[in-house]
Amino acid sequence: MTKVIFFFFCLVMTTTSFSQEEKIKYRKLDYNDFSKLSINDTSAVIIDIFFDKKNNMALGQMSFLPITVAVFIISPQISVGLTAISFPFFLNGSYMLIKYRKKKLYMVLTEYAATKTLPNWVRKKANKTLDYYETIKSEY
């Protein structure tokens, strides 16, 4: 009985510990890592959209709530009103952090490289941004 248990233990250990699958840590990827996955203008625009929305818009919207909490020390009455205004911004910023996370960007880019198709919401934003870039080029 112990030999059978030992055999199954060794079998399980060899299948799990010697697998060649490498897990990607998406949180540690930066803009340069994603730019290596870029294959054309559209994928470069997608990378720009994701990083712009996450770094500029989401974090900017989320920064209002800690400021209003700090104002509570000075004037609680003003802080209550400011919190009522800034809390929806904080929720929207939290939603944007989830929507534009790096794992989703990696999945969109790998799918685009393999099939040349984009999800509808990404395609619409990419087309608008590409049109905007074309109008900027035409003005110069």
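Coordinates for the structure precede this section.
This section reports on the structure supplied with the text. (Residues numbered from 1 in each chain as written. Predicted model: local features only at pLDDT ≥ 70, side-chain atom pairs only at ≥ 80, totals over all residues. Heavy atoms only, no water.)

## What to know about the packing of aromatic side chains
Consideration 1: Scanning the entire structure with this criterion turns up 8 aromatic pairs.
Consideration 2: Ring geometry for Tyr26 versus Tyr106: centroids 5.3 Å apart, planes at 55°, classification tilted. On the criterion of sequence distance, the pair formed by Tyr26 in the loop between α1 (2-17) and α2 (31-35) and Tyr106 in helix α6 (residues 102-115) is long-range, its members being 80 residues apart.
Consideration 3: Given the relative accessible area of 23%, Tyr26 is considered partly exposed.
Consideration 4: A centroid spacing of 6.3 Å and a plane angle of 45° characterise the contact between Tyr132 and Tyr133, whose relative ring orientation is tilted.
Consideration 5: What links up through ring pairs into an aromatic cluster is the set Tyr31, Phe34 and Phe51.
Consideration 6: Between Lys116 and the ring centre of Tyr112, over which it is positioned, the NZ or CZ distance is 5.7 Å. (Phe/Tyr/Trp six-rings, centres within 6.5 Å; stacked < 30°, edge-to-face > 60°. Helix = DSSP H or I, 4+ residues; strand = E, 2+ residues; numbered from the N terminus. Buried < 20%, exposed > 50% of the residue type's maximum accessible area, 1.4 Å probe, protein only. Lys NZ or Arg CZ within 6 Å of the ring centre and 35° of its normal.)

## Examining the environment of Val71
Consideration 1: Turning to its location among the elements, Val71 is positioned in helix α4 (residues 64-74).
Consideration 2: Expressed as a C-alpha distance, the spacing of Val71 and Met1, which sit 70 residues apart in the sequence, is 69 Å.
Consideration 3: In contact with Val71, other than residues within four places in its own chain, are Ile78, Ser79 and Leu82. (Contact = heavy atoms within 4.5 Å.)

## Re the packing of helix α3 (residues 41-62) against helix α7 (residues 120-139)
Consideration 1: Orientation of α3 relative to α7, taken along the N-to-C sense of each, is 100°, at an axis distance of 9 Å. Put simply, α3 runs roughly perpendicular to α7. In this structure, α3 contributes Asp41, Thr42, Val45, Ile46, Asp48, Ile49, Phe50 and Lys53 to the contact, and α7 contributes Trp121, Val122, Lys125, Ala126, Thr129, Leu130 and Tyr133.
Consideration 2: Residue classes in the contact of α3 with α7 are distributed as 9 nonpolar, 2 polar and 4 charged. (Axes fitted to C-alpha atoms, helices over the stretch in contact; angles between N-to-C directions. Parallel < 35°, antiparallel > 145°, perpendicular 65-115°, else oblique. Nonpolar A, V, L, I, M, F, W, Y, C, P; charged D, E, K, R; others polar.)

## Here's the deal with the packing of α3 against α4
Consideration 1: In the contact formed by α3 and α4, the axes pass within 4 Å of each other and the chain directions differ by 20°. As summarised for this structure, α3 and α4 are arranged roughly parallel, according to the angle between their axes. Of α4, the residues touching α3 (which contributes Gly60, Gln61 and Met62) are Phe64, Leu65 and Pro66.
Consideration 2: The residue inventory of the contact of α3 with α4, partitioned by class, reads 4 nonpolar, 2 polar and no charged.

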